[in-house]
Protein chains: 2
Amino acid sequence: MRSPCPIASALDLIGDKWTLLVVRDLMFFGKSRYGEFLDSPEGIATNILADRLRRLEDGGIVVREGAGRRHDYRLTDKGEALRPVLKSLIDWGLAHIPGVATEPPPDYRG
Amino acid sequence: MRSPCPIASALDLIGDKWTLLVVRDLMFFGKSRYGEFLDSPEGIATNILADRLRRLEDGGIVVREGAGRRHDYRLTDKGEALRPVLKSLIDWGLAHIPGVATEPPPDYRG
DNA sequence: CGGGATCCGTCTTGATACTG
DNA sequence: CAGTATCAAGACGGATCCCG
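In this report, the structure presented in the accompanying data block is examined. Sequence order as written defines residue numbering, which begins from 1 separately in each chain. Here every chain gets a letter starting at A, and every ligand a number starting at 1, in the order they are written. Confidence filtering applies because this is a predicted model: local features only for residues at pLDDT of at least 70, side-chain atom pairs given and counted only at 80 or more, and all residues used for totals across whole chains, interfaces and linings. Excluding hydrogens and water, the side-chain values take into account all heavy atoms of the structure.

### Examining the packing of aromatic side chains
All names here are of chain A.
Part 1 of the reasoning: Only rings of Phe, Tyr and Trp enter the pairing, Trp through its six-membered ring, and a pair is recorded when the two centres are within 6.5 Å. The plane angle decides the type: under 30 degrees is stacked, over 60 is edge-to-face, the rest tilted. Here the structure, examined in full by the defined rule, presents two aromatic pairs over all chains.
Part 2 of the reasoning: Both rings, one in Phe 37 and one in Tyr 73, keep their centres 6.3 Å apart while their planes meet at 55°; by these two values the pair is tilted. Here Phe 37 is found in helix H3 (residues 34-38), whereas its partner Tyr 73 is found in strand E2 (residues 72-75), with 36 residues between them in sequence. Both residues of the pair, Phe 37 and Tyr 73, count as buried. Under the scheme used here, helices are H or I runs from DSSP no shorter than 4 residues and strands are E runs no shorter than 2 residues, and both carry numbers assigned from the N terminus. Think of it in three bands: with a 1.4 Å probe and only protein chains considered, a residue is buried below 20% of the maximum accessible area for its type, exposed above 50%, and partly exposed in between.

### Considering the pairing of strand E2 (residues 72-75) of chain B
Along any regular strand, the residues point their side chains to alternate faces of the sheet.
Part 1 of the reasoning: Residues Tyr73(B) and Leu75(B) point to one face of E2(B) and are all buried, whereas Asp72(B) and Arg74(B), pointing to the other face, are not buried.
Part 2 of the reasoning: Being paired, for any two strands, means DSSP has found at least two bridges between them. Here strand E1 (residues 62-65) of chain B folds back onto E2(B), and the loop between the two strands holds six residues, one of which, Gly66(B), carries a positive phi near 95°.

### Remarks on the protein's contact with DNA strand C
Part 1 of the reasoning: If you check the shell around DNA strand C, you find 19 residues, and the closest are Trp18(A), Asn47(A), Thr46(B), His71(B) and Tyr73(B).
Part 2 of the reasoning: Note on terminology: near, applied to a residue and a molecule or strand, indicates that one of the residue's heavy atoms is within 4 Å of it. Each atom of DNA strand C within 4 Å of the protein belongs either to a base or to sugar and phosphate, the latter forming 55%.
Part 3 of the reasoning: We call two N or O atoms a polar contact when they sit within 3.5 Å, provided that within protein one can donate a hydrogen and the other can accept it, with sequence-adjacent residues counted only if both atoms are side-chain atoms. Arg55(A) places a polar side-chain atom, nitrogen or oxygen, 2.9 Å from a phosphate oxygen of DNA strand C.
Part 4 of the reasoning: Interatomic distance of 3.0 Å between a side-chain N/O atom of Arg54(B) and a phosphate oxygen of DNA strand C.
Part 5 of the reasoning: Where the surface near DNA strand C is concerned, the elements lending two or more residues are helix H4 (46-58) of chain A together with helix H3 (34-38) and helix H4 (46-58) of chain B.
Part 6 of the reasoning: Sort the elements by how many residues they give to the surface near DNA strand C and H4(A) lands first, with five residues.
Part 7 of the reasoning: Gly is placed with the polar residues, together with every amino acid not listed as nonpolar (Ala, Val, Leu, Ile, Met, Phe, Trp, Tyr, Cys and Pro) or charged (Asp, Glu, Lys and Arg). The residue makeup of the surface near DNA strand C, split by class, is six nonpolar, six polar and seven charged.

### Examining the nonpolar core
Part 1 of the reasoning: By nonpolar core we mean a set of buried residues, namely Ala, Val, Leu, Ile, Met, Phe, Trp, Tyr and Cys, connected to one another through side-chain atoms within 4.5 Å. Formed by 64 residues in total, the largest nonpolar core has its most connected members in Ile7(A) and Ile7(B).
Part 2 of the reasoning: We call two residues contacting when some pair of their heavy atoms lies within 4.5 Å. Each residue touching Ile7(A), except ones within four places of it in the same chain, is listed here: Leu21(B), Arg24(B), Phe28(B), Leu86(B), Leu89(B), Ile90(B) and Tyr108(B).

### Some thoughts on H4(A)
Residue and element names in this part refer to chain A.
Part 1 of the reasoning: Counted at 1.5 Å a residue, the expected span for H4 with its 13 residues is 18 Å, and the 18 Å between its end C-alpha atoms agrees.
Part 2 of the reasoning: Every buried residue of H4 is listed here: Leu 49, Arg 52, Leu 53 and Leu 56. What you see down the axis of H4 is that its buried residues fit within an arc of 100°, all on one side. Those residues of H4 that are exposed and angled more than 90 degrees off the buried face are Asn 47 and Asp 58.
Part 3 of the reasoning: Trailing H4 by a residue or two, Gly 60 shows a phi angle of about 75°, which is positive. The span expected for a helix works out to 1.5 Å for each residue beyond the first. To obtain the arc, one takes the directions from the helix axis to the C-beta atoms.

### Things to note about the interface of chain A and chain B
Part 1 of the reasoning: The partner chain B presents 43 residues to the 43 residues of chain A that form the contact.
Part 2 of the reasoning: Together, the buried faces of chain A and chain B total about 3,600 Å²; carbon and sulfur atoms form 73% of this surface.
Part 3 of the reasoning: A side-chain nitrogen of Lys or Arg and a carboxyl oxygen of Asp or Glu constitute a salt bridge if their distance falls within 4 Å. At the surface where chain A touches chain B, the tally comes to two salt bridges.
Part 4 of the reasoning: In this structure, Lys17(B) engages Asp12(A) in a salt bridge whose closest nitrogen and oxygen atoms are separated by 3.9 Å. Put simply, buried area is the surface a 1.4 Å probe can reach on two separate parts but cannot reach once they are joined, added for both.

Here it is in structure tokens:
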């Protein structure tokens, strides 16, 4: 039994286009509700969003809070621990992707 | 015109399961040839690998060197700049994914 | 033999419509 | 508002073929 590569294992959880965008909304933009994620300019589809939220929950990265329909999603400690990943991604994007830093960027705190 | 989010832009380039695994092979395991990437334990298919290498090249993250068939892929400065992303992903995986750190991990230099 | 391209069946993704 | 149902389009995996 070889222990799996931590990069490969991490990418199994968060290695797709949409998952980290939801984490970004939670981490940097203070969003917590389904409808707020939907409003993001990238335009995630409703079924994809539901699927990613479920995977994030199954992976222990977010928790769903509140009873009934009006629940909030919140990052767990494991989810918060992704902050350096997001930060380094932001730094890389700003430095190396043309057109991304030409205007005052939104407020990526953290 | 809003400037696009650097995270979203970055994920357009590297936000999938396979791309960062190729970067990992280049960055940490000293691989540089098609056949070497194929040998990685995750088992990428030939068509997928060819596609990802082309995208990485188009995105300025790798360059293809050498004439004829026997060429090497090498990280550009833009590709090397992904090192903090990979590093933070390794740290997160080791700390938060069960089973990943139970044996002496391979040598992630950097 | 190494480095792909191509074809094909399957699984996933995504846009939209619909429901409680 | 927070999802599910439906269904088309694309990505994937695997095998095979091809070309130098």
